[in-house]
Amino acid sequence: MARALIECVPNFSEGRRPEVIEAIVEPFKKTAGVYLFDYRADEDHNRLVVSLVGHPEEIQASLIEACKIAQKHIDMNTHQGAHPRIGAIDVIPFTPVSGIAMEECVALAHNFGERYFKETGIPVYYYEDAAKIPTRTRLEQIRKGQYEVLKEEAQTKPERHPDVGGPGLHPTAGASVIGARKFLVAFNINLNTTDVAVAKEIAKFMRASSGGFCHVKGIGLSLEDKGMVQVSMNLVDYEKNSIYRVLEMARMEAKRWGVSVAETEIYGMVPAAAMLDSASYYLQSNGFETDQVLELKLLQMMMED
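Quick caveat: nothing in here was measured; it's all calculated off a predicted structure.

1. Regarding the pattern of salt bridges
Within the structure shown, the criterion is met by 23 salt bridges. Note that K217 is salt-bridged to E128, the shortest N-O span being 3.5 Å. You can see K217 sitting in strand β9 (residues 216-223) and its partner E128 sitting in strand β6 (residues 124-128), a full 89 residues away along the chain. Note on accessibility: K217 and E128 belong to one class, buried. Note that R136 and D163 form a salt bridge whose closest N and O atoms lie 3.2 Å from each other. Of this pair, R136 sits in the loop between β6 and α4 (139-142) while D163 sits in the loop between α5 (146-156) and β7 (176-180), placing them 27 residues apart in sequence. Looking at R136, the relative accessible area reads 6%, which means it is buried. Overlapping salt bridges, with partners in common, bring together E128, R138, E140 and K217 in one network.

2. Thoughts on helix α3 (residues 102-120)
Each α-helix turn comprises 3.6 residues. Residues three or four places apart therefore point the same way. Between the first and last C-alpha of α3 there are 26 Å, a value that for 19 residues agrees with the 27 Å anticipated at 1.5 Å per step. Within α3, burial applies to M102, C105, V106, L108, A109, H110, F112, G113, Y116 and T120. Against β1 (5-8), α2 (56-73), β5 (89-98), β6 and β7 lie the buried residues of α3. G121 sits one or two positions beyond α3 and adopts a positive phi of about 75°.

3. Some words on the sheet that holds strand β8 (residues 185-191)
The antiparallel open sheet is built from 4 strands, whose spatial order is β9-β10-β8-β11. Each end of this open sheet is capped by a strand with a single partner; those strands are β9 and β11 (261-267). Averaged over all neighbouring strand pairs, the angle between strand axes comes to 20°, with direction disregarded. In this sheet, strand β10 (residues 228-235) lies alongside β9 in antiparallel orientation, the contact comprising 8 bridges. Considered in β10, the bridge of L221 is made with Q230. Taken strand by strand, helix α6 (residues 196-206) contacts β8, β9 and β10, and its axis lies near 175° from that of β9. Here helix α7 (residues 243-255) sits on the sheet in contact with β8, β9, β10 and β11, set at roughly 25° to β8.

4. What about unusual backbone geometry?
Of note, the bond from G166 into P167 is cis; its omega dihedral lies within 30 degrees of zero at 0°. Topologically, P167 is positioned in the loop between α5 and β7. Residue E128 is not a glycine yet carries a positive backbone phi of 50°. Phi is positive for Q146, which is not a glycine, with a value near 60°. Checked against the element boundaries, Q146 lands in helix α5.

5. Overview of the side chain of N190
Turning to its location among the elements, N190 is positioned in strand β8. Among the polar contacts listed, one links the side chain of N190 to the side chain of Q230, at a separation of 2.9 Å. In this structure N190 touches L223, K226, M228, V229, Q230, S260, V261, A262, E263 and E265, once residues within four positions along its chain are discounted.

Rules behind the numbers
Residues numbered from 1 in each chain as written. Predicted model: local features only at pLDDT ≥ 70, side-chain atom pairs only at ≥ 80, totals over all residues. Heavy atoms only, no water. Salt bridge = Lys/Arg side-chain N within 4 Å of Asp/Glu carboxyl O. Helix = DSSP H or I, 4+ residues; strand = E, 2+ residues; numbered from the N terminus. Buried < 20%, exposed > 50% of the residue type's maximum accessible area, 1.4 Å probe, protein only. Expected span 1.5 Å × (residues − 1). Contact = heavy atoms within 4.5 Å. Pairing = 2+ DSSP bridges. Axes fitted to C-alpha atoms, helices over the stretch in contact; angles between N-to-C directions. Polar contact = N/O pair within 3.5 Å; in protein donor to acceptor, adjacent residues only side chain to side chain.

Here it is, written out as structure tokens:
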């Protein structure tokens with residue numbers, strides 16, 4: 001029987017020091033049973049996003065090793081970046097791929113959270129399907145005020161105490177958010193303007209918390225190195241909020257300010273179905289099926305042999 005496979009996309013608060021980035025990802029490269037699909041860092045966000053697939057036991061072991069390296073090199077008291085964050089190892093989500101159910105990923109997240117705190121001393125919050133407190137389901141609720149606010153409130157306000165560890169945060173590494181969730185598409189839209197207020201207004205219009213798309217999270221931020229602004233989004237259910245639908249709505253809203261879309265970015269890995277859905281829309285194809293894609297059909301046949 002084939003062993004279970006999970007996806008894990010840990011986010012680290014480091015996007016500017018190549019030597020630190022390489023040190024963090026080294027455990028994922030060398031651990032058998034862990035497949036490092038992608039890793040990329042952004043200087044403006046000051047963030048490293050790693051995409052892994054592998055067996056649960058091996059992924060957990062490599063995570064502990066990588067997180068200890070990040071903890072050693074990242075001090076949240078001096079960290080600055082455009083992306084919201086509360087810790088050196090900001091978020092660790094587990095997603096079922098095959099041979100494992102979401103309920104099992106929830107149990108995995110809870111067990112790993114306990115082990116993680118024991119081995120690193122970094123407090124843990126649980127989110128998405130693994131949330132133990134209903135108000136912590138959404139990541140942005142946990143991150144409210146970011147590290148600078150949470151380091152005080154996690155000490156003084158019981159409703160903001162970590163799920164594991166605390167009260168209070170680690171003195172340099174802050175806290176980590178661990179959970180179980182569906183596949184997420186990190187989708188960014190860069191605009192031909194330097195006015196960050198435009199990006200913030202569009203993000204407000206798009207995200208669920210402000211009355212926008214029900215499965216979209218978004219913020220507006222400045223990309224100083226590019227001379228543009230960005231609507232940075234997470235599509236937490238791409239089957240219900242397609243990439244093309246989100247893009248076309250953002251394009252329409254941008255016109256209100258006389259602004260155009262310069263480019264888009266998909267950050268990290270993305271399911272083929274999410275891309276093919278948008279390709280089918282823009283090609284206006286009739287009755288297109290995913291098994292018409294040669295590589296996907298071949299992969300399916302090979303797995304059935």
